[in-house]
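Per-entry structural report
Read off the chains here:
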Amino acid sequence: MKSLRFFWRRSDADRLLEMQAHRQMAEDDYLERGVTPEEARRRAAADAGSSTAALETVREQDFLGRLELLLRDFVAAGRSLRRTPVFFATAALTLALGIGVNTAIFSFLYGLVLKSLPTYEPRQLMLLGFASRADHSGFKYTRLTYPMFRAAQQELRSFSGIAAWTLDTVTMQDSEGALRRYTCAYVSGNAFEVLPVNPYMGRMLARYDDVRNGPAQGWPVVLGYGFWAGRYGADNSIIGKRIRISDVPVTVVGVAPKGFKGPWAGTDVKMYLPMFFGPAALKRDYLAAPDSTWPVEVLGRLREDIGVGEARAELDGMRRSFIDRFLPMSARRNGYEQDSYVRVETAQNGFPNYITRTYGRPLVLMQGLVGVVLLLCCVNVGGLMMSKVYMRRREFAVRAALGGPVLRLIRLYLIESLMLASAGSIIGAFLAWHASAWLLHFFRDPMMGEPMEVKPDITMLYFAAGLTVLTTLAFGVVPAWRAAHADPGDLLKSRTSLGGSRRIAGRAFVPVQVAISLVLATLAALLSESILSVRSGKTGFDVDHVTIQNSPLVMLRTEGEQHLRLYQRMLERLEQMPGVRGAAAVSRTPLTGEHVNSRFEPVRNGERANQQMDLAFDDVTPGYFEAMHVALSAGRGFTWSDKSLNVCVLNTSAAQLMFPHQEALNRYVRTRDEQEFPGGTTCRVVGIAENAKFSDVRQGPPPTIYFPVSLERMDKRIGNLVFLINSDTKKVAIDGFRSTLAEIAPTVPLVTFVTLREQMDAALGSEELIGLLSNFFGATALILSALGLYGLISASVTQRTGEIGLRMALGANRNLVIYMVLNEAVRLLLAGLVSGAILLFFAVRLARSELSDIFRFDPATAGLVIVVLLAVTLAASFAPALRAANVDPIHALRAD
């Protein structure tokens, strides 16, 4: 370092000698023109300018000189910030808030929506299949049946490879010997050729592994890296070992790479098994039938010479053939054929799933929200920088008078801005890194056995660095430009000569802050009110005392009457447990987003009315209405003797829809939906239940028909039921179910216990997070606006001290001075409110489009926010107004 400093000093000496030589040459030139020696010396010195400025100009001509000047600028900027620690802390923490939250939200947006699969050319990966407009789930899943997938492998020419994937669960003993369920992926034998993925250790699955009844050497399994490291302690000798999965012996053949957790965002796949392992574990070959409807997600890699449009056209040309050859007649009669369409879409980011479909758009909305907050932070810091420029106006004048280059002054203040933004980015990245666990609370389904994992990675740091550059340019350029282009003569004059408020630094920032604050605070209040209304609204059943358990009794492979009897024994024993007030089982749990609709028609006088209507339907056991606290306004519920679809219960909406102005009890309802009800069914209405929400907490109760859990649907359509346990506390329900399961089905594993309240809160998770962030940043925006206005008015009072003193010396009283200062604040506020109202109009429309299920506009709430904003910002301007009113005219005039 010493040698480097010596080199620079030596270089400066050389430069000075060169400058002196040029000056001597100029002086000699003037002497030749007949100018006196003194005048020639003066003119040559004036032409050369100050030695410091000239030296810096010369330094700019070579690399080491530029490097030295840059280093000196950084040192000068650091000293400047060190002299104003309060300013530095306020500005850095303000930026840390904006950058940190932007980085945290971007981590989730990138991890769940934008991150590409860690594989070769992920842009060539396509998800292909059929979807149906008859799919009422709202997600429009893109899938093929397994026979369709096999045909696509053989017949489609637009893809170099086509593979099938299915997300499922298997059972396995944990390290303590307890039976647990783990997430697995069933894959076709060529899955890791199409992707492709290289193993961390061993090998990935191959074509010869995926054969019916398994390969000759036994079933293989590839373990996920995290599962291998956690469950087996990263044991390198695991390759070749035999373990048991779903009571089937398998051999570990490989470990997946560290960064690969499967193609489903937010899901950590623990193990990968051949597609045919599923039928072997369940001892039911559901893939064998030519008309099997088992759905698989199909991943294809486009040929390099084929576009997406050509691939879509080829698949669309085969749609009719695929439906005729592989879709059962019952499904075609249900309207699938007419309502189906082809989808070929990018799979670069993996398979769309519940998490990405549920949280994708809210994440984009949240990124926009926190982006606005970052803009507000930049505006606030920009105002602070402008105030600092004003406070250092005489320094700028001196620098400019001494010949300081314009670009040098601009660079100096851009470096100050960069140092502020860098400090904010470092603090913000630290906060974002540690905020991930807290944010995950809002981004998970409570029925998931394990929490979703989204960890910040190097991309987050790149994003934070990019925000640093953008914020530097956003709030550093204007102050730097203003500082560099100020007139030194004006700056060196008296403060009074600067005139009134027209030259107040940063006055344009205050209306921008007020406008953004109005939008954020109003949206926050409206959204919070909407969410509170939905959360506290009537659901039609007890959400605070019902606990859900989805233990897979289907593993026992009981069928028919025996399977139904197993659930009856479980429920009867559960109701005997201490503290349990009621228990039931259901095929579809309320508030999970899962629902099925079908077409039903009333039967009048023994004839069909030919008036089909969409009704949601569910299969429930006896005790359901009692356990859920759903009142029956007429008739009865189900008993264990109701084992057929010949009876049903309608809710009030369905009864009024099917039988308007008539008594629905003991009437008949029919359906021709042979996919859900093979052969159709006709049921007698034995009860009328009060309306209750079904799948979505955001929507009102749909017309619903309830069926008893029947032998007809138990084996073919339902399989496993979900237990609902009504008790005083969740712990009572957990203890009661554990005891019951240990007594009746001890080999069946437990699944996570969740209350209906937790399920409802999870369904509103993204909206609650948006509301929470909106409230936090709405309050922050109000504070920043108040601080910005306070700083501006304070700077104005300081700048106009001489003017105020002169006015008071000429007879102006205190009230007039206060009015003068507040008048300036009110004009700025009104400009911000008008701009904010225009922005709010478009923001409300955007919120309605993105959150149409819950967002409601309340003019009274918006008016209240405006009143609060006015009160807070005007209160912030009173302190400098009172200070101005107490100015001593003699001291003010003497100071100038």
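First, a word on scope: everything that follows refers to the structure included in this document. (Residues numbered from 1 in each chain as written. Predicted model: local features only at pLDDT ≥ 70, side-chain atom pairs only at ≥ 80, totals over all residues. Heavy atoms only, no water.)

**Brief notes about helix α10 (residues 308-317)**
Restricting attention to buried positions, one finds in α10 the residues Ala-311, Glu-314 and Leu-315. Along the long axis of α10, the arc covered by the buried residues comes to 95°, so they all point the same way. (Buried < 20%, exposed > 50% of the residue type's maximum accessible area, 1.4 Å probe, protein only. Helix = DSSP H or I, 4+ residues; strand = E, 2+ residues; numbered from the N terminus. Arc of directions from axis to C-beta.)

**A short note on the pairing of strand β18 (residues 647-651)**
The buried fraction of β18 amounts to five of the five residues, a majority that puts the element mostly inside the structure. Neither face of β18 is left uncovered, since the one carrying Val-647, Val-649 and Asn-651 and the one carrying Cys-648 and Leu-650 both have all their residues buried. As judged from the two bridges shared by β18 and strand β21 (residues 704-708), these two strands associate in the antiparallel manner. Considered in β21, the bridge of Leu-650 is made with Ile-705. (Pairing = 2+ DSSP bridges.)

**Thoughts on the side chain of Thr-704**
The topology assignment puts Thr-704 in strand β21. Apart from residues no more than four positions distant in its own chain, Thr-704 is found in contact with Ala-616, Val-649, Leu-650, Asn-651, Ala-654 and Phe-694. (Contact = heavy atoms within 4.5 Å.)

**Topic: the packing of helix α6 (residues 146-155) against helix α11 (residues 319-326)**
Where α6 contacts α11, the two axes come as close as 10 Å, and the packing angle between them is 135°. Overall, the two elements α6 and α11 adopt an arrangement that is oblique. The element α6 and its partner α11 pack so that their crossing is right-handed. Only Phe-322, Ile-323, Arg-325 and Phe-326 of α11 make contact with α6, whose side of the interface consists of Pro-147, Met-148, Ala-151, Ala-152 and Glu-155. Counted by class, the contact of α6 with α11 contains seven nonpolar, no polar and two charged residues. (Axes fitted to C-alpha atoms, helices over the stretch in contact; angles between N-to-C directions. Parallel < 35°, antiparallel > 145°, perpendicular 65-115°, else oblique. Left-handed = near helix turned anticlockwise from the far one by under 90°. Nonpolar A, V, L, I, M, F, W, Y, C, P; charged D, E, K, R; others polar.)

**Quick look at the packing of aromatic side chains**
By the definition in use, this model includes 27 aromatic pairs. Here the aromatic rings of Phe-106 and Tyr-110 are separated by 5.9 Å at their centres, their planes lie at 25°, and the arrangement is stacked. Of this pair, Phe-106 and Tyr-110 both sit in helix α5 (residues 85-114), four residues apart, which is roughly one turn of that helix. Exposure remark for Phe-106: the relative accessible area of 13% places this residue in the buried category. (Phe/Tyr/Trp six-rings, centres within 6.5 Å; stacked < 30°, edge-to-face > 60°.)

So, to be careful, I would describe these as geometric facts and stop short of saying anything about function.
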